[in-house]
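Chain and residue survey
Listed below are the residues making up each chain.
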Amino acid sequence: MATSAVEDYLKQILLAELKRPGQRVGMGKIAGAMDLAPGTVTTMVKTLAGSGLLDYEPYSGVRLTESGRQLATHVLRRHRLIEVFLVRVMGIDWSEVHPEAERLEHAVSDHLVERMDEMLGYPEFDPHGDPIPSAHGEVAERSLLHLAGCRQGDRVRVSRIADQSPEFLQLVERQRLKPGSVLTVENRSEAADSLLVCDPDGKQASLGLRAAAKILVEKIG
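Note that the structure is predicted; figures quoted are calculated from it, not measured. (Residues numbered from 1 in each chain as written. Predicted model: local features only at pLDDT ≥ 70, side-chain atom pairs only at ≥ 80, totals over all residues. Heavy atoms only, no water.)

Attention now goes to the overall build of the protein. Per the secondary structure count, the protein includes eight helices and eight strands. Across its three principal axes, the protein shows a C-alpha extent of roughly 55 × 45 × 30 Å. Counting only residues that meet the buried cut, the protein has 43% of its 221 residues in that class. A sequence separation of at least 24 residues applies to 61% of the contacts in the protein between residues at least 6 apart. Counting only carbon and sulfur atoms, one obtains 49% of the accessible surface of the protein, whose full area is about 11700 Å². Of the charged side chains in the protein, 27 are positive and 32 negative, and the gap between their average positions amounts to 4 Å. (Helix = DSSP H or I, 4+ residues; strand = E, 2+ residues; numbered from the N terminus. Buried < 20%, exposed > 50% of the residue type's maximum accessible area, 1.4 Å probe, protein only. Contact = heavy atoms within 4.5 Å. Areas by Shrake-Rupley, 256 points an atom, 1.4 Å probe, with all protein chains shown as cover. Lys, Arg positive; Asp, Glu negative; His and termini not counted. Charge placed at Lys NZ, Arg CZ, Asp CG, Glu CD.)

On to the nonpolar core. In this structure, L10, I30, L48, L54 and V62 are the most contacted members of the largest nonpolar core, which totals 25 residues. At the level of secondary structure, the elements contributing two or more residues to this core comprise α1 (4-19), α2 (27-34), α3 (38-50), β2 (61-64) and α4 (66-88). Among the elements that make up this core, the one with the highest residue count is α1 (seven residues). Counting 22 residues, the second-largest nonpolar core is a separate cluster that includes C150, V156, L183 and V197. (Core = buried A, V, L, I, M, F, W, Y, C linked by side-chain atoms within 4.5 Å.)

Moving on, we come to the side chain of R80. Of note, R80 is situated in helix α4. From its side chain, R80 meets the backbone oxygen of P131 in a polar contact 2.6 Å long. Excluding its chain neighbours within four sequence positions, the residues that come into contact with R80 are L15, D126, D130, P131, I132, P133 and R160. (Polar contact = N/O pair within 3.5 Å; in protein donor to acceptor, adjacent residues only side chain to side chain.)

Turning to the packing of aromatic side chains, a few remarks are in order. Applying the stated criterion across every chain, the model contains zero aromatic pairs. Here the guanidinium or amino end of R142 rests over the ring plane of F125, the centre of that ring lying 3.9 Å away. When the ring centre of W94 is taken as reference, the NZ or CZ atom of K178 above it lies at 4.7 Å. (Phe/Tyr/Trp six-rings, centres within 6.5 Å; stacked < 30°, edge-to-face > 60°. Lys NZ or Arg CZ within 6 Å of the ring centre and 35° of its normal.)

Applying the stated criterion to the full structure yields 23 salt bridges. Here R80 makes a salt bridge to D130, at a shortest N to O gap of 3.9 Å. Within this pair, whereas R80 is found in helix α4, its partner D130 is found in the loop between α6 (110-119) and β3 (145-146), the two being separated by 50 residues in sequence. A single salt-bridge network, built from bridges that share partners, covers R80, D126, D130, E141 and R160. (Salt bridge = Lys/Arg side-chain N within 4 Å of Asp/Glu carboxyl O.)

This next bit is on the pairing of strand β5 (residues 182-189). Sheet analysis places strand β4 (residues 155-161) next to β5, joined by three bridges and oriented antiparallel. Bridge pairing in β5 places R155 opposite T184. Here β5 pairs with strand β6 (residues 194-198) via five bridges, running antiparallel. Looking at the pairing, V185 lines up with V197 of β6. Between β5 and β6, which pair antiparallel and follow one another directly, the connecting turn spans four residues, one of which, D193, has a positive phi of 50°. (Pairing = 2+ DSSP bridges.)

A word on a nonpolar patch on the surface. On the surface, V89, M90 and M119 cluster together into a nonpolar patch covering about 300 Å² of accessible area. Mapped onto the elements, M119 comes out in helix α6. (Patch = residues over 30% accessible without salt bridge, like charges linked within 9 Å, V, L, I, M, F, W, Y side chains within 5 Å.)

You will see that R176, though not glycine, has its phi angle at about 60°, which is positive. Mapping R176 onto the fold places it in the loop between α7 (166-174) and β5. In this structure, D193 is a non-glycine residue whose phi angle is positive, near 50°. Within the secondary structure, D193 sits in the loop between β5 and β6.

So, about the pairing of strand β1 (residues 54-57). By the bridge criterion, four bridges tie β1 to β2 in an arrangement that is antiparallel. Residue L54 lies in a different strand from β2, and its bridge partner there is L64. Between β1 and β2, which pair antiparallel one after the other, the connecting turn spans three residues, and Y59 there sits at a positive phi close to 70°.

Next comes the structure, spelled out in structure tokens:
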């Protein structure tokens, strides 16, 4: 039953579960992520539940079964490895790879994906800092902080970008805030809704707290 539509549903449910572990995913959440009508989603969810890929409770939502999670992590692994390949090897801008990977994740063979992984040096994260599931289906989630919550004087390393819209990724790149960047928080103001950071070269970047909340970091030093 592993059609592209099935894979898309399972991947979106997995992404929602990773954000809120232990909680069921509602129909509205799935419909919003996939830009589909709730009725369409409910029909498909019932089909997936009947195939043993989901545990569905009306009015409560769904969660992946063991077999559903295995397939979902397999698809997510493909997607994120393809993104790394497109950026590192093909030279495609990181703000453009997501839709390309969405199409390719259903077409590439498992053998090709594993060869990509080997050629790329077994990367742990995709270009946006999202963890790449292992070949065994394990997803190594990290405990990260929102940049918006950091205090003046904090020294941090950018680890992950939560908003992966092309516009936001381009903003992040212009401000030199891509994953791996080391920053020091120079000033934070709730009243002005602003955060000022500085990199080791003395380059400053200013952004609103709402934007800063979409940048995940780990404290260093």
